[in-house]
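# Geometric and topological summary
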Amino acid sequence: MQGPHEKSCAFAHFISWFTTIIGRVFISLFVPAITFLVLWKVFLFLRDSDAPQSIIVLVAILWGVGGVAMLFVISNWLVEQLPGNWGRRLQPFVFIGPAVVIMGWYLTIPVFRTLVLSFKDPLGQDWVGKGWAIFNNYKFAFTDRIMLETFRNNFLWMVLGTALSVGVGLLIAVLADRSQFESIYKAIIFMPMAISFVGAGVIWKFVYTYRGEGVGIHEIGILNAIVLALGGKSQPWLSLPPWNNLFLIIIMAWLQTGFAMVVISSAIKGVPFELLEAARIDGATEVQAFFKITIPYIKGTLITVTTTIIIFSLKLFDIVRVMTGGNNGTNVIANEFYLQRFTYGNTGRASAIAIVLLLAVIPVIINNLREFNKNRRAF
Amino acid sequence: MAAGKKSQKKKSALIINGVLILICGIWLLPTVGVFITSFRDSQDIFNSGWWAVFPHKEDINIGEIILDDAVDVNGKIPVEGINASFEELREGITLPDGRKLTWIGNKRSRKIIISERQWVGFANNLSIDNYKDVITGKEITFTDSAGNEILRKGNNLGGAFLNSIAVAVPATIIPILIAAFAAFGFSWLKFPGRDLFFTMIIAMLVVPLQISLIPILQDYTKLQLNGTFLGIWLAHTGFGLPLATYLLFNYISSLPRELLEAAYIDGATNFTILVRLILPLSVPALASFAIFQFLWVWNDYLVSLVFLGEKSRVITYALASIVGEKGQDWHLLTSGAFVSMLLPMAVFFMLQRYFVRGMLAGSVKG
């Protein structure tokens, strides 16, 4: 007697489940898509128009920001019009839909698309070869002389750049902690964080600039001027392999030390005063207290900062691009990626290089996921 | 004993401050050099280093001698009471009274300059002409190192500055808006796929953006999005969203639950709770990320190089192209670098507190 009723109930359940799925997909995919279409048409018009620049800029800003705000207002309004249960089931997707779709389009799906492209020919159409030759792009990425040079250089960046940034950052954090002018020193070291790599490139190009020898020619770069004043000979610093890599790395250290310093400094301030005081009473010197208490206490922070800067130096592009273009033995992986794709037009090889970069950060991704799972209870 | 300890302390404070001042000096020197150079005359820049604007001793010309044709320039040349060869004179000879003789040009010029070391005060021919030249898009003239007049089209950094604003403002606001909604959804709403989607966000935190450039460029070519503001906003939004969502999630999910429950009982919808309650409460977190993202977008070179290009070039792109094309025009490069640093520096120093907070809460960006 209960049979048919149960069946129809199950069927109704299925229908409701199915329509909910459709609704969710619709809300999180189509509403953003429609917004995108509306925004898009206007932007094609804006790009090709010859109106005064300031007007284009103003219209673009209002249109873009307003459009996205409207996306949420309208889709939420639509969902709230739906009867009871429906609205509750669909609303979360109004909230997270746009974020998930954009992240999917710009990051998650490209991982797989780039992976496929890395097995294709320079135009990205056919497979790059048959049989083992399908790995040709990877053969290039891992064994070519150009790539080996970039590996060596990125290794230098990762080791020297990170050691310099974290080392100097730690030194300043520790010293500034004991000075009454702490905030002034920290602001000065931190200041380059606001400067673009291109801007920093110009600043340091001027430090390293070389005019050569001759009557009436003066060195105008401070480094060569110092070398001359000390009785040395001026040098074209940026075309002296392998040392030019070091001169480029110094630029990154100049930019990143502020980051390391600020994060380490806040960790040092978290070291309990009683702990240090107890050690001092027990007769520990300042140096001993630093290595036995402060360093172990801030170990986690040091690891995080180090990882961050290592990843940073792995992907480094702008400095090399602007300063040397990768010539004179200063090429790095990200610059070779750019050259392969945009100068030589080899999509396959460029994709393989991008995958190499991804492989290098996979341990960090795994670690992040593990940390997240550990704290899942909070989630 | 106590006094000894005190003086010991004073001494170590002196050393600490000394080391810090030294490091800070090294840190500032490159920027100071560029800053000073940006105000100097285009020809002066090549004749002396930027430090020459400060008082210093310099060889000042006080006269010149033209040797008459009777003098044999191949042998010892009698001049000003000494005998010296051409080579020695070319190197420069200092007379016993402190004056210096320097031969100018080749042997046929027969010209010797007498100079004397004198104190020179602060340089006085500093101007903002370089800034005018680099900002304008009109034609400009200046003298190069050899003294030639150069006529050139301006670099139009003013236009690039506007473009950078058009890129950076929406590319900061849009991801914040989208991330705030998503963070609220992940914090307070229950729905299927929640864990999966959030795991995706965590995994995407450090993915290098080189992974995306090629496929997204293909899409943009098909959609004709290349070179549009919309295209670059979306790109910056996509690359910034994982960090934005993660940061805002950490903040929003730590807000007290009772607050929301009270609002629900009052009959507020999720949307009004987010807009009226959560967003105002989250201003510190929103500001942290906003500064982060604004600086990142303003200073970005790679994304704008790939997706925006020449037509609506942003300031980093414009500056990089001066480096590439006119690498020796230091008067334009230095002033251009400062124009590009103006806005991020202002934002940075005004809102440093929020920036630091965001940095301490955040992790790495792809």
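Counting from 1, residues in each chain are numbered in the order their sequence is written. Following the order in which they are written, the chains are lettered starting with A and the ligands numbered starting with 1. Local features in a predicted model are, by the rule used here, given only for residues with pLDDT of at least 70; side-chain atom pairs are given and counted only at 80 or more, and totals for whole chains, interfaces and linings are based on all residues.

When its secondary structure is counted, chain A shows 15 helices and 0 strands. Here the C-alpha atoms of chain A give a radius of gyration of 28 Å, more than 25% beyond the 21 Å that 2.2 N^0.38 yields for 379 residues. In terms of overall dimensions, chain A has C-alpha extents of about 100 × 65 × 55 Å along its principal axes. Put simply, DSSP H or I for four residues or longer makes a helix, DSSP E for two residues or longer makes a strand, and each gets a number counted from the N terminus. Using C-alpha atoms as the atom set, the radius of gyration is obtained and then compared with a globule rule of 2.2 Å times the number of residues to the power 0.38.

When helices and strands are counted, chain B shows 15 helices and 8 strands. For 366 residues, the compact-globule estimate of 2.2 N^0.38 gives 21 Å, and chain B exceeds it by more than 25% at 31 Å. Taking the principal axes of its C-alpha atoms as reference, chain B extends roughly 110 × 80 × 30 Å. Here a residue counts as buried when 20 or more other C-beta atoms sit within 10 Å of its C-beta, as exposed when there are 12 or fewer, and as partly exposed otherwise, the C-beta atoms being derived from the backbone. When burial is assessed residue by residue, chain B has 41% of its 366 residues classed as buried. Long-range contacts, defined as pairs at least 24 residues apart, comprise 68% of the intrachain contacts of chain B with a sequence gap of at least 6. Residues are defined as contacting one another if the C-beta atoms placed from their backbone atoms lie within 7 Å.

A few words now on the pairing of strand β5 (residues 99-104) of chain B. Residue and element names in this part refer to chain B. Sheet topology note: the strand β4 (residues 93-94)/β5 ladder contains 2 bridges and is antiparallel. Bridge pairing in β5 places Thr94 opposite Lys100. Pairing between strands requires that DSSP locate at least two bridges from one strand to the other. Hairpin geometry of β4 and β5 is characterised by an intervening segment of 4 residues between the two adjacent antiparallel strands and by a positive phi of about 100° at Gly98. Sheet topology places β5 next to strand β6 (residues 111-120); 6 bridges connect them, and they run antiparallel. Each residue of the ladder has a partner; that of Ile104, found in β6, is Lys111. Here β5 folds back onto β6, and the loop between the two strands holds 6 residues, one of which, Gly105, carries a positive phi near 80°.

Take the interface of chain B and chain A next. Contact with chain B, which involves 92 residues of that partner, is made by 89 residues of chain A. Per-element tally for the side of chain B that touches chain A: the top contributor is helix α5 (residues 157-188) of chain B, with 16 residues. Each residue gets one label: Ala, Val, Leu, Ile, Met, Phe, Trp, Tyr, Cys and Pro are nonpolar, Asp, Glu, Lys and Arg are charged, and the others, such as Gly, are polar. When grouped by side-chain class, the residues that make up the side of chain B that touches chain A number 68 nonpolar, 24 polar and no charged.

A few words now on the sheet that holds β6(B). The 4 strands lie next to each other as β1-β6-β5-β4 (chain B), forming an open sheet whose pairing is antiparallel. At either margin of the open sheet sits one strand with a lone partner, and together these are β1 (56-66) and β4 of chain B.

Looking at soluble globular proteins, one finds that nonpolar side chains tend to be buried together. Counting 185 residues, the largest nonpolar core has Ile178(B), Ala179(B) and Leu248(B) as its most contacted members. Ranked by residues supplied to this core, first place goes to α5(B) with 18 residues. Residue contacts for Ile178(B): discarding those within four places in its chain leaves Val68(A), Pro98(A), Ala99(A), Ile102(A), Thr237(B) and Leu241(B). Note on definitions: a nonpolar core is a set of buried residues drawn from Ala, Val, Leu, Ile, Met, Phe, Trp, Tyr and Cys, linked by C-beta atoms within 7 Å.

Residue and element names in this part refer to chain A. Parsing chain A into structural domains produces domain 1 (3-117) and domain 2 (137-374). Each domain's extent was defined by an automatic or database domain assignment. Centre-to-centre, using C-alpha coordinates, domain 1 lies 40 Å away from domain 2. With 4 residues of domain 1 in contact, the opposing surface of domain 2 contributes 6 residues. A class-by-class count of the residues in the side of domain 1 that touches domain 2 yields 3 nonpolar, 1 polar and no charged.

The subject of this paragraph is the environment of Phe119(A). All names here are of chain A. Looking at the element boundaries, Phe119 is found in the loop between α3 (84-117) and α4 (136-143). In this structure Phe119 comes out as buried when scored by C-beta crowding, with 20 C-beta atoms within 10 Å. In this structure Phe119 touches Trp127, Val128, Ile134 and Asn137, once residues within four positions along its chain are discounted.

Split by domain assignment, chain B resolves into domain 1 (55-120) and domain 2 (157-361). Relative placement of domain 1 of chain B and domain 2 of chain B: their C-alpha centres are 63 Å apart.

With that settled, the discussion passes to helix α14 (residues 330-350) of chain B. In a helix, the anticipated span is given by 1.5 Å times the number of residues less one. Spanning 21 residues, α14(B) covers 30 Å between terminal C-alpha atoms, matching the ideal 30 Å at 1.5 Å per step. A residue's bend is simply the angle between two axes: one fitted to the seven residues ending at it, one to the seven starting at it. In the structure, α14(B) departs most strongly from a straight axis at Leu342(B), where the bend amounts to approximately 40° and where the proline Pro344(B) lies between one and four residues downstream.

Okay, unusual backbone geometry next. Between Pro241(A) and the following residue, Pro242(A), the backbone shows a cis peptide bond with an omega angle of -5°. Position of Pro242(A) relative to the elements: it lies in the loop between α8 (222-229) and α9 (243-269). Phi at Asn328(A) is positive, roughly 55°, even though this residue is not glycine. As for its position among the elements, Asn328(A) is in the loop between α13 (318-323) and α14 (333-343). Positioned with a positive phi, Gln224(B) is a non-glycine residue whose angle comes to about 60°. The residue Gln224(B) is located in the loop between α7 (210-223) and α8 (229-252) in this model. Note on Gln224(B): 14 C-beta atoms within 10 Å, which makes it partly exposed.

For the rest of this paragraph, the subject is the environment of Lys205(A). Tracing the chain through its elements places Lys205(A) in helix α7 (residues 197-208). Spatially, the C-alpha atom of Lys205(A) lies 8.4 Å from that of Gly221(A), the residues being 16 residues apart in sequence.

In this section: α7(B). Residues and elements named next belong to chain B. Between its terminal C-alpha atoms α7 stretches 20 Å, which fits the 20 Å expected from 14 residues at 1.5 Å a residue. The principal kink in α7, of about 25°, is found at Ile216. In the segment just after α7, Gln224 is the residue with positive phi, at about 60°.

All names here are of chain A. With respect to the helices and strands, the residue Met158 is situated in helix α5 (residues 145-177). Under the C-beta neighbour-count criterion, Met158 is labelled buried, with 20 such atoms within 10 Å. Along the sequence, Met158 and Leu316 sit 158 residues apart, while their C-alpha atoms lie 9.7 Å from each other. For Met158, the contacting residues outside a window of four places in its chain are Ile310, Ser313 and Leu314.

It is worth spelling out the packing of α14(A) against helix α15 (residues 347-374) of chain A at this point. All names here are of chain A. For every element, the axis is a line fit to its C-alpha atoms; helices are fit only across the contacting stretch, and the angle between N-to-C directions ranges from 0 to 180 degrees. Relative to each other, α14 and α15 sit at 160°, their axes nearing to 8 Å. Looking at the two axes, α14 sits roughly antiparallel to α15. Where α14 crosses over α15, the handedness of that crossing is left-handed. In this structure, α14 uses Ile333, Glu336, Phe337, Gln340 and Arg341 to contact α15, whose residues at the interface are Thr347, Arg349, Ala350, Ile353, Ala354, Val356 and Leu357. When grouped by side-chain class, the residues that make up the contact of α14 with α15 number 7 nonpolar, 2 polar and 3 charged. Angular relationships are summarised with four words: roughly parallel below 35 degrees, roughly antiparallel beyond 145, roughly perpendicular across 65 to 115, and oblique for the angles in between. Handedness of a crossing follows from how the near helix is turned relative to the far one, being left-handed for an anticlockwise turn of less than a right angle and right-handed for a clockwise one.

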